[in-house]
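# Reading the structure
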Amino acid sequence: MKVAILSDEKIMASVAADTVEAVCTANPHAVLGLATGSSPLALYRELIERHRAGRIDFAQSRSFNLDEYVGLPAGHPESYIEFIRRNFTDLVDLPAAEVHVPEGNASDPHAAAAAYDRAIRDADGIDIQVLGIGSDGHIGFNEPGGSLASRTHVGFLTEQTRRDNARFFDGDVEKVPTHCITQGLGTIMESRHAVLLATGENKAEAVHQLVEGGISARWPATVLQSHPDLLVVLDEAAASQLELADFYREVWSEETRTR
Ligand code: GLP
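Predicted, not measured: the structure shown is a model, and the values here were computed from it.

It is worth spelling out helix α8 (residues 245-257) at this point. In this model, α8 (13 residues) spans 18 Å end to end at C-alpha, consistent with the 18 Å of a helix rising 1.5 Å per residue. Buried residues of α8: A245, Y248 and W252, and no others. One side of α8 carries all its buried residues, which in axial view fall inside an arc of 60 degrees. Exposed side of α8, more than 90 degrees from the buried face: D246, E250 and R257 are the residues found there. Contact partners of the buried residues in α8: β1 (2-6), α1 (9-26), α7 (204-212) and β10 (230-235).

Shown next, in the form of C-alpha cells:
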C-alpha cells in the first residue's frame, strides 16, 4: 500500500489520474472499476480533461461500477448508473454498451448479483479499481460484519451509511434505499491495481483503520491491506488520525522524487 497525503483536491485528482492513465496507456483495453460518491468526482473531472487533451482514451475500455441501490426506479437521478453516466462515462469515449452497473431493479437481485460477478470474471477482471470509503469503513457497499472473501451480492445498508447518503435524497433518510447490490470484498481484491480517495474529517477514523488497523470485518476496507497494488490518496483531514503520517509523507516524497 502507498499512502499519499496531499494538500488539496486538485493535486489528489492529478495523482489518482496518473495511476489510471498509466494503466490505460499500457493497456488500451483496460477494464475500469468505477466508484460513485463525492470522493472520486475530482478524479473523473481530471480524467475528462486529459481525455479532451488527447492524453487518454477509453474507446476500447469497459467499466464495471462497484455497486447500485436496490429498488430505485429506472432513470432515478441518484441511481449509480445515472451518476456514473452523468459524471464520467457520457463525457468520455467509453462506449455506452460497455458501461456496466449492477441491475438494482432486477426482478431477482440475487441472480443479478451473481451474473454481475460472472461478467467481471468473463471480462478477465478489473485492471484499475477506483474506490472511496464510507465513514463506517465500507468499500463499495460492503458494510461491517460481512465476509472478507465475499463475491458480488445483495447487501443491507447500515443506518450510518443511509444517514451519510441522505444528502442525495433531500436530506431524508427514509428515502435512502435499505438494500444494494455490491461487488464483494473478494471481487474487489481481485483488481490488479486500485486507487482509493478520501477527504474530510468524517473519514479519518475509517482511514486510520484501513491503513493501520488490524484486518477485520468490523472495518471492511482493512482487507485492502493485502491488495497487491493500492494507492491511498488523502487530504490532511482524512489523514488526521494516522499514527505514522510523517513516515508516509517521507515515503511518498521519496517515491515522487525517484519517479
Ligand atoms: C457510498 C458508496 C461508496 C462510496 C461511499 C463514500 O456509500 N457506495 O462506494 O465510497 O459511499 O461516499 P463519498 O465519497 O460520497 O463520501
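The parallel open sheet is built from seven strands, whose spatial order is β1-β10-β9-β6-β2-β3-β5. Edge positions in the sheet fall to β1 and β5 (99-100), since each has one partner strand and no second. Alignment of strand β2 (residues 31-34) against strand β6 (residues 128-131), held across two bridges, turns out to be parallel. For G33, the partnering residue across the bridge sits in β6 and is Q129. Docked against the sheet, α1 engages β1, β2, β6, β9 (193-198) and β10, running at close to 160 degrees with respect to β10.

Quick look at the packing of aromatic side chains now. Throughout the structure, instances matching the rule amount to eight aromatic pairs. Look at F64 and Y116: their rings are 5.7 Å apart centre to centre, the planes differ by 75 degrees, and that puts the pair in the edge-to-face class. Of this pair, F64 sits in strand β3 (residues 62-65) while Y116 sits in helix α4 (residues 109-122), and the two are 52 residues apart along the sequence. Summarising the burial analysis for this pair, F64 and Y116 share the class buried. Following the ring pairs from residue to residue traces out a cluster consisting of Y69, Y80, F141 and F169. It is R218 that lies over the ring of W219; its NZ or CZ is 4.5 Å from the centre.

Taken together, the three strands give an open sheet; going across it, the order is β4-β8-β7, and neighbouring strands pair in antiparallel fashion. Because the sheet does not close on itself, it has two edges, and the strands there are β4 (67-69) and β7 (153-156). Pairwise comparison of adjacent strand axes, ignoring direction, gives a mean angle of 30 degrees for this sheet. Inspection of the sheet shows β4 paired to strand β8 (residues 179-182) by three bridges, in the antiparallel sense. Within the sheet, the bridge partner assigned to D67 lies in β8 and is T182.

Conventions adopted
- Residue positions are given per chain, counted from 1 along the sequence in the order it is written.
- Given that the model is predicted, a residue must reach a pLDDT of at least 70 before its local features are reported, and side-chain atom pairs must reach 80 or more before they are shown or counted; all residues, however, enter totals for whole chains, interfaces and linings.
- Heavy atoms from the whole structure form the basis of all side-chain values; hydrogens and water molecules are not counted.
- Helix and strand assignments come from DSSP, with helices taken as H or I runs of at least 4 residues and strands as E runs of at least 2, each series counted from the N terminus.
- The length a helix should cover is 1.5 Å for every residue beyond the first.
- Burial classification: accessible surface area is computed with a 1.4 Å probe over protein chains only, and a residue below 20% of its type maximum counts as buried, one above 50% as exposed, and the rest as partly exposed.
- What the arc measures is the spread of directions leading from the helix axis to the C-beta atoms.
- By definition, residues are in contact when any of their heavy atoms lie within 4.5 Å.
- By definition, two strands form a pair when at least two bridges between them are found by DSSP.
- Angles here are taken between N-to-C directions and fall from 0 to 180 degrees, while the axes themselves are lines fitted to C-alpha atoms, restricted in helices to the stretch in contact.
- Two rings from Phe, Tyr or Trp (for Trp, the six-membered ring) form a pair when their centres sit within 6.5 Å of each other. Planes less than 30 degrees apart are called stacked, planes more than 60 degrees apart edge-to-face, and all others tilted.
- The rule for a charge over a ring is simple: NZ of Lys or CZ of Arg within 6 Å of the ring centre, and within 35 degrees of the ring normal.

Bear in mind that shape data such as this cannot, by itself, settle questions of function.
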